[in-house]
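# Descriptive structure summary
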Amino acid sequence: MKIKSQKDFWSGLMFIGSGLFFMVWAITHYQMGTAVRMGPAYFPAVLGGLLGVLGVFILAESVMMEPEGDKTLAIPFNIIDILIAVAIYVALGFGAHLIGFSADWAIIIGTLIIAVLTIMYRPNAKGLVLITAATVAYGYLMKPLGLVLATAALVFISAFGGHEFKWREVSVLYIILIVFSVLVFVKGLTLPFPLWPEYFS
Amino acid sequence: MEQILHNLVIGFGVAVTPIHLLYALIGCLLGTLIGVLPGIGPVATIAMLLPITFNLSPVAALIMLAGIYYGAQYGGSTTAILVNIPGESSSVVTCLDGYQMARQGRAGPALAVAALGSFFAGCVATLLIAVAAPPLAEVALKFGPAEYFSLMVFGLIAATVLAHGSLIKAIAMVVWGLLFGLVGTDVNSGVLRFTFGVPELSDGIGFVIVAMGMFGTAEIVANIEMKEHREIFTSKVKNLWPTKDDFKNCWASVLRGTALGSCLGILPGGGALLASFGAYSLEKKVSKHPEKFGKGAIEGVAAPESANNAGAQTSFIPMLTLGIPSNAVMALMIGALMIQGIAPGPQVMNEKPELFWGLIASMWVGNLMLVVLNLPLIGMWVKLLTVPYRYLYPSILVFMAIGVYSLSNNPFDVLIMGVFGVLGYICAKLECEPAPMILGFILGPLMEENLRRAMLLSRGDPTVFFTKPISAGFMIASIILLVIVALPAIRKKREEVFVEEG
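Note that the coordinates shown come from a computational prediction; the quantities given were computed from them, not determined experimentally. (Residues numbered from 1 in each chain as written. Chains lettered and ligands numbered in written order. Predicted model: local features only at pLDDT ≥ 70, side-chain atom pairs only at ≥ 80, totals over all residues.)

### Some remarks on the overall build of chain B
The test is simple: Helix and strand assignments follow DSSP, with helices taken as H or I runs no shorter than four residues and strands as E runs no shorter than two, numbered in order from the N terminus. The reference for a compact globule is 2.2 Å times residues^0.38; the radius of gyration itself is calculated from the C-alpha atoms. Backbone-placed C-beta atoms define the burial measure: a residue is buried with 20 or more other C-beta atoms within 10 Å of its own, exposed with 12 or fewer, and partly exposed in between.
For chain B, the helix and strand inventory stands at 22 helices and two strands. Relative to the globule expectation of 23 Å for 502 residues, the C-alpha radius of gyration of chain B, 22 Å, shows essentially globular dimensions. In terms of principal-axis extent, the alpha carbons of chain B reach across some 70 × 55 × 50 Å. Across the 502 residues in chain B, those meeting the buried criterion constitute 61%.

### Focus on the overall build of chain A
Of regular secondary structure, chain A possesses seven helices and zero strands. On C-alpha atoms alone, chain A measures out to a radius of gyration of 23 Å, which is more than a quarter above the 17 Å that the 2.2 N^0.38 rule sets for 201 residues. Across its three principal directions, the C-alpha atoms of chain A cover 60 × 45 × 40 Å. A total of 201 residues make up chain A; the buried ones form 37% of that total.

### Topic: helix α5 (residues 92-103) of chain B
All names here are of chain B. Test applied: Take the number of residues in a helix, subtract one, and multiply by 1.5 Å to get its expected span.
Along its 12 residues, α5 runs 17 Å from first to last C-alpha, staying within 8% of the 16 Å computed at 1.5 Å per residue. In terms of burial, α5 is largely enclosed, as 11 of its 12 residues are buried. What α5 keeps buried is the set Val92, Val93, Thr94, Cys95, Leu96, Asp97, Gly98, Tyr99, Gln100, Met101 and Ala102. After α5 finishes, the residue glycine 105 shows a positive phi value of roughly 80 degrees.

### Here we look at the confidence of the model for chain B
Residues and elements named next belong to chain B. As a reminder, the rule being used: Confidence scores here are pLDDT values: one per residue, from the predictor, ranging 0 to 100.
Confidence in the prediction for chain B averages 81 pLDDT; 91% of positions are at 70 or higher. For chain B, the element scoring lowest by mean pLDDT is helix α22 (residues 488-499), at 58; helix α8 (residues 167-181) scores highest, at 92. Both scores are given for the predicted complex: the pTM is 0.83, the ipTM 0.92.

### Regarding unusual backbone geometry
Residue and element names in this part refer to chain B. Positive phi, normally seen in glycine, also occurs at phenylalanine 196, with a value near 50 degrees. Checked against the element boundaries, phenylalanine 196 lands in the loop between β2 (192-193) and α9 (207-225). Phi at asparagine 409 is positive, roughly 50 degrees, even though this residue is not glycine. For asparagine 409, the position within the fold is in the loop between α17 (389-408) and α18 (411-429).

### Observations concerning the packing of α9 of chain B against α18 of chain B
All names here are of chain B. Put simply, the rule is: A fitted line through C-alpha atoms represents every axis, and for helices the fit uses only the stretch in contact; the resulting angles, taken between N-to-C directions, go from 0 to 180 degrees. Every angle not falling under 35 degrees, over 145, or within 65 to 115 is termed oblique; those three ranges are roughly parallel, roughly antiparallel and roughly perpendicular. In this scheme, a crossing is called left-handed if the near helix is turned counterclockwise away from the far one by less than a right angle; it is called right-handed if the turn is clockwise. Note on contacts: residues are paired as contacts if their backbone-placed C-beta atoms lie within 7 Å. Classification used: nonpolar for Ala, Val, Leu, Ile, Met, Phe, Trp, Tyr, Cys and Pro, charged for Asp, Glu, Lys and Arg, polar for all others including Gly.
Running from amino to carboxyl end, α9 crosses α18 at an angle of 55 degrees, the nearest separation of the two axes being 7 Å. In this view, α9 runs oblique relative to α18, as classed from their interaxial angle. In terms of crossing hand, the pair formed by α9 and α18 is right-handed. Side by side, α9 and α18 meet where Ile209, Val210, Met212, Gly213, Met214, Phe215, Thr217, Ala218, Val221 and Ala222 of the first sit next to Asp413, Ile416, Met417, Gly418, Val419, Phe420, Gly421, Leu423, Gly424, Tyr425 and Ala428 of the second. Considering only residue class, the contact of α9 with α18 consists of 15 nonpolar, five polar and one charged.

### Here we look at the domain arrangement of chain A
Our working definition: Segment limits for the domains were obtained from an automatic or database-derived domain assignment.
Under the domain assignment, chain A is made up of domain 1 (6-64) and domain 2 (79-200). Here domain 1 of chain A and domain 2 of chain A have C-alpha centroids that lie 34 Å from each other.

### Structural notes on the packing of α5 of chain B against helix α12 (residues 299-314) of chain B
The packing of two helices is summarised by the inter-axis angle and the distance between the axes. Residue and element names in this part refer to chain B. The interhelical angle for the contact between α5 and α12, taken along N-to-C directions, is 145 degrees, at an axis separation of 8 Å. Note on packing geometry: the crossing formed by α5 with α12 is left-handed. Contact residues: α5 offers Val93, Thr94, Leu96, Asp97, Gly98 and Met101, while α12 offers Gly300, Val301, Pro304 and Glu305. Taken together, the residues of the contact of α5 with α12 break down into five nonpolar, three polar and two charged.

### Remarks on the interface of chain B and chain A
Across the contact, 53 residues belong to chain B and 57 residues belong to chain A. Put simply, the parts of the chain that give the side of chain B that touches chain A at least two residues each are α8, α9, α17, α18 and α19 (434-457) of chain B.

### With respect to the nonpolar core
For clarity, the cut-off: Each nonpolar core reported here comprises buried Ala, Val, Leu, Ile, Met, Phe, Trp, Tyr and Cys residues connected via C-beta atoms within 7 Å.
Counting 236 residues, the largest nonpolar core has Ala137 and Leu154 of chain A together with Ala47, Ala211, Leu332 and Ile438 of chain B as its most contacted members. Top element by residues in this core is helix α6 (residues 107-141) of chain B. It accounts for 18 residues. When residues of this core are sorted by domain, at least three fall in each of domain 1 (6-64) and domain 2 (79-200) of chain A. Not counting the four nearest positions on each side in its chain, leucine 332 of chain B is found in contact with Val43, Ile46, Ala47, Leu50 and Ala211 of chain B.

### Some details on the environment of glycine 93 of chain A
Residue and element names in this part refer to chain A. You can see glycine 93 is positioned in helix α3 (residues 79-98). We classify glycine 93 as partly exposed; it has 16 C-beta atoms within 10 Å. Distance in space between the C-alpha atoms of glycine 93 and alanine 103 is 5.7 Å, their sequence separation being 10 residues.

The following block contains the structure:
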């Protein structure tokens, strides 16, 4: 048996996996109820099963049907990379829990570790990972460091994910954006963002 | 007739107040501004700007969002004509002839015809909504849970049938979306579902966050991965006004586009995308010079642009009268209404006439503003296009991040956006369309609720969906749709329609 469409093959697996997960989790954790009085598990279990069946069809199609167009998959990372990333978060989360730190720090540190690992070992995934990392860092740095530094993290990390990175250009862009953010969002729309790290204020 | 006039008077009374005019203006400007940026479509634009409407009154928020929607659409055509990059999927066909016109130095007339055609289509569609919405809402008020459930099934099926690419994958994405929509507290039993002990998930996943991740982040990453290549005809945007011949050639196309677009827009899942593709094929078929298409025929710009604007507007009809979104943009609008504490549905028209008719009147006002403002401002939008993407995307990210963070000042929301961004990226690579998923996501809880009620009322008899006439009609229509699309001959045809873009 040969996989004729990698795109369909992996989509099929993705749908089967998540369908089964939703179905099994619903059945084992919530009440099914009856068709007259549906319990909280009923609808998700049915939908999960349906998703799984659809996944099987897609999977079958990927090995049987001759595909049209290019069906080779071009994702710059693989499923093991995703598992490693998840493992890093889980390990750091437990670590933070053990020494009594907030899980927020585990997320910030985990994100930065994954960003560095990506730059070193998966340079083609730089765009996706650094942009995601930049937004996540922004969210988690806002409370401890304030808008000015969180925005710096967002702008510099995300700009580093692009094709070219010039310190001067990005710095100018950052200054424009931070002035704009402060004027429009903090002064204008009065969003309750701290501007500076807690320590100073 | 009198009733319609009376309603429109109420509507314009609301829409033409200075404050609402201001919001419509801001909406149109912001929408165009972001719509012009390549690779950011209306869904991402609306998702991104949604948080700034939270502090407004419901009327003002909807007026502004509608303005953003038209603006984003309009901006999309501008980039299609000038840079050959469709700002959104419904202006893909505009690229074909619009860009060729620009290369021949006729960018001005192409932009003007697009704007005027859209305006005309907008006027017609606004009137159509005013006429068609009240009777439809009347019918919808009689809907019980069984009818609603079947209607949603029909809507979701129609949306997948009309989506791009593999049908079965689109259905899987809908089901996936429905499942994601169920995360959070179950309204009937109070049980927390799929929250895994995370307190932030007990209210469910915010649809704005999902939409921003799946569309916003994923689109930006896709753009960064592409090498930048843009050829812009900045210097050539002069003589804006089309010639007499241009008008003579395209007035019929505008009419045909408007008619087709208005019909297709009402269909669930149809909206602007199908309207513009359909209108282009139609023009090519009825034209005396089909060979001119693809080489700068003005009809090839006029028809799809009128059609997509008409479709964009009439897609408000099912949203306003039934509370059922027909496409991803309408799903966002419904989300916005719910955040404002308004349950979308047929009762809105009677309970909040100023909201309903104000929105309709403001559609017309918004369209007028776009023509009046944007034709003179084209030069400015063009300048914006010359800004390299490496400056644009960090700026877009700043807005997205602020928007998501300000939803509840909780970094967890930003994390979820990141997760859905990665998911959106993977889905794009696997050729799984995100739009059906967003529709499923917003309909998930509604569908479950109506299914439960229908089954309770029928004492567990599932045939109720086929014994009630209206419900049976929707169910049969869904089955017919599925069968038709599965037929090999039609399948080919459907693929052809979407291939035409290339």
